[in-house]
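So you can see what is in the structure, the chains are spelled out below.
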Amino acid sequence: MTDKLNKLLDDYANGVAEIFGDTLIGVYLTGSVVLDGFHEGKSDVDCTVLLRLPPGAHELEKLEKIHRKLAVRYRKIPIESQYITIDNIGREEAETELFYSFHDGKLALGTFNANPITWYTLKKYGKAVWGVSVEDLPVQTTIKDVTSYVRSNVRTYWTNWKRLAQVPFSLRRAYSLTDRAVEWCVCGITRMFYTCMEDDIASKDKALEYGIVRLPESTHKILKEALHIRNGKERKQYRSRFARRKGMIDYMGLLIKTIAELPVHVRAASSVAVE
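Worth saying up front: this structure is predicted, and the values here are computed from it rather than measured.

Asks: Whenever I open this one, the nonpolar core confuses me. Can you help?
Replies: A general trend in soluble globular proteins is that nonpolar side chains are found buried together. Among the nonpolar cores identified, the biggest contains 67 residues, and Y12, V45, V186 and M248 are the most heavily contacted of them. With eleven residues, helix 6 (residues 179–198) is the single largest residue contributor to this core. Apart from residues lying up to four places away in sequence, V45 is in contact with L5, L8, L9, L29, V33, F38, I77, P78, I79 and E80. Ranked by size, the runner-up nonpolar core spans twelve residues in total, among them I25, Y28, L50 and F99.

In structure tokens:
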């Protein structure tokens, strides 16, 4: 981690500790930082703040001030945090009590990021910025929980994303022409593929590089385009945004089909055909 990122985390953790006092169990890093895929100016800093009791109105007011202050001081390193009680840790969204999260510049009540990917990342890769060590947290999420969630996510979220991107004259179809949409979709669906193949979680960068090794050459153009957008490691692959959109949608369709057809325990299989 860079000195700037370390300073941000120190400022944030100290501020949170001052607000919550004995109610605070710990502040933990998940996401791209712990998966070695963080890019300043592009990546968020994902944090899970574990509490003994939900925050009250006075504490929420102070949290708003901390996030506003840090957003000004560290403009290129946005923090996204969930403030969750210890009894909710490891639960899936449908079983989780509503909690406060700071997401897209707002503090709101919901179940943001309450899913097996978050809990498994915390369990296996998470780092304590302040408080009780990760090893002492009661996280029971297994990789089987993660892969089951991923397969469901591909059948619902990603299948629907692809469908809407193909609707003529729709906002989603127009949005699909942007760099941000291409990066989001290609990285996202490739991470799902990586998890199903390797029984693990990867950063966006690692998943894209994995796709270039494991997937057919016909997919490499859109994978390299996503790498170009994300970190500039590859040169720009498309002259036309319309051709790029088609490449993205075709790629999503291939991986949605491939993931649906994968055996449940892929790593036990001798080989996996991708056409």
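Asks: Where do I start with the sheet that holds strand 1 (residues 24–30) in this structure?
Replies: Across a sheet, strands are paired by hydrogen bonds formed along the backbone, either parallel or antiparallel in direction. A sheet is described by the order of its strands in space; here six strands give the open sequence 5-4-3-2-1-6, paired in mixed fashion. Unpaired on one side and paired on the other, strand 5 (106–110) and strand 6 (127–131) mark the two borders of the sheet. On average, each strand axis in the sheet is tilted by 20 degrees relative to the strand beside it, whichever way the strands run. The pairing of strand 4 (residues 99–103) with strand 5 spans five bridges and is antiparallel. What sits directly across from H103, in strand 5, is K106.

Asks: Help me understand the side chain of S203, please; the structure alone is not making it clear to me.
Replies: Mapping S203 onto the fold places it in the loop between helix 6 and helix 7 (204–214). Judged by its relative accessible area of 3%, S203 is buried.

Asks: Help me out: how do you make sense of the packing of aromatic side chains in this one?
Replies: Two numbers describe a pair of aromatic rings. These are the distance of the centres and the angle of the planes. Tallying each qualifying case throughout the model produces six aromatic pairs. With centroids separated by 6.1 Å and ring planes inclined at 50 degrees, the aromatic side chains of F193 and Y210 adopt a geometry described as tilted. Taken together, the residues F193 in helix 6 and Y210 in helix 7 connect sequence positions 17 residues apart. Its relative accessible area of 1% is what places F193 among the buried residues. Three or more aromatic residues joined by ring pairs form one cluster here, namely Y157, W158 and W184. Stacked on the ring of Y238, the Lys or Arg K221 has its end atom at 4.5 Å from the ring centre.

What counts, and at which threshold
- Residues numbered from 1 in each chain as written.
- Predicted model: local features only at pLDDT ≥ 70, side-chain atom pairs only at ≥ 80, totals over all residues.
- Heavy atoms only, no water.
- Core = buried A, V, L, I, M, F, W, Y, C linked by side-chain atoms within 4.5 Å.
- Buried < 20%, exposed > 50% of the residue type's maximum accessible area, 1.4 Å probe, protein only.
- Helix = DSSP H or I, 4+ residues; strand = E, 2+ residues; numbered from the N terminus.
- Contact = heavy atoms within 4.5 Å.
- Pairing = 2+ DSSP bridges.
- Axes fitted to C-alpha atoms, helices over the stretch in contact; angles between N-to-C directions.
- Phe/Tyr/Trp six-rings, centres within 6.5 Å; stacked < 30°, edge-to-face > 60°.
- Lys NZ or Arg CZ within 6 Å of the ring centre and 35° of its normal.

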